[in-house]
Amino acid sequence: MTDFIDPDTDLIVFDGECVLCSGFFQFMLRHDRDERFRFATAQSPLGQHLYSCLKLPTREFETNLVIVGGKVYQKLDAFAAAMQALPGAWPVLSLCRFLPPFLKNPLYQAIARNRYALFGRHETCLIPDASLRSRFVPDGF
């Protein structure tokens, strides 16, 4: 599935219409000082391909995907993997991966299902400006 992605390149795939998900993307841009991560929206050809390969819905995105070292993370584990990769004190937030599934899965699902109502939705998918394009995986991946 991820054979076409360089295993040395870590990737975050997020819903480009979701205000919360786009906020996560902006947060990662600010704190990923080493530019470790590349990005793709879930609506992009790469995003659609990955969600399809993982047998996830390709219209309603209830999880971001974080790929670190060739391993795909979903839901709260995706957030934890992203936090673990950041410098400074941010890795402490990765401890959420140790929450028992009966707590973390319903918590994540409740936020994911209601994210548009709680945080809003962009009318169009995020289009990176020229300065950010190099951080995005090209459409032809």
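Given the structure is predicted, the values throughout are model-derived calculations rather than measurements.

Moving on, we come to the environment of V19. The topology assignment puts V19 in helix α1 (residues 19-31). Taking the relative accessible area as the measure of exposure, V19 reaches 29% and is therefore partly exposed. For the pair V19 and F61, spaced 42 residues apart in the sequence, the C-alpha separation amounts to 13 Å. The residues touching V19, leaving out its near neighbours within four places in the chain, are F119, G120, R121 and H122.

What follows deals with the packing of helix α3 (residues 75-84) against helix α4 (residues 101-119). It is at 8 Å that the axes of α3 and α4 come closest, and there the two elements cross at 95°. It follows from the interaxial angle that α3 and α4 lie roughly perpendicular. Contacts between α3 and α4 pair K75, L76 and D77 from the former with K104, Y108 and Q109 from the latter. Residue classes in the contact of α3 with α4 are distributed as two nonpolar, one polar and three charged.

Spatially, β2-β1-β3-β4 is the arrangement adopted by the four strands of the open sheet, whose pairing is mixed. Lying at the two open borders of the sheet, with one neighbouring strand each, are β2 (37-41) and β4 (71-74). Within this sheet the neighbouring strands show an average axis-to-axis angle of 20°, counted without direction. Packed onto the sheet, α1 meets β1 (10-14) and β2 and runs at close to 155° relative to β1.

What counts and what doesn't
- Per chain, residues are indexed from 1 in the order of the written sequence.
- This being a predicted model, a pLDDT of at least 70 is required before a residue's local features are given, and a value of 80 or more before pairs of side-chain atoms are given or counted; all residues contribute to the totals for chains, interfaces and linings.
- Here the side-chain values reflect all heavy atoms present in the structure, with hydrogen atoms and water set aside.
- Secondary structure elements follow DSSP: runs of H or I no shorter than four residues count as helices, runs of E no shorter than two count as strands, and numbering proceeds from the N terminus.
- For the exposure calls, accessible area comes from a 1.4 Å probe over protein chains only, and a residue counts as buried if that area is under 20% of its type's maximum, exposed if over 50%, partly exposed in between.
- Between two residues, a contact is recorded if the distance between any of their heavy atoms is within 4.5 Å.
- Helix axes are fitted to C-alpha atoms over the stretch in contact, other axes to C-alpha atoms as well, and angles between N-to-C directions run from 0 to 180 degrees.
- Roughly parallel refers to an angle under 35 degrees, roughly antiparallel to one over 145, roughly perpendicular to one between 65 and 115, and oblique to any angle outside these ranges.
- In the scheme used here, Gly and all other residues not listed as nonpolar or charged are polar, with Ala, Val, Leu, Ile, Met, Phe, Trp, Tyr, Cys and Pro taken as nonpolar and Asp, Glu, Lys and Arg as charged.
- A pair of strands is treated as paired once DSSP finds two or more bridges between them.

Keep in mind these values describe shape, not function.
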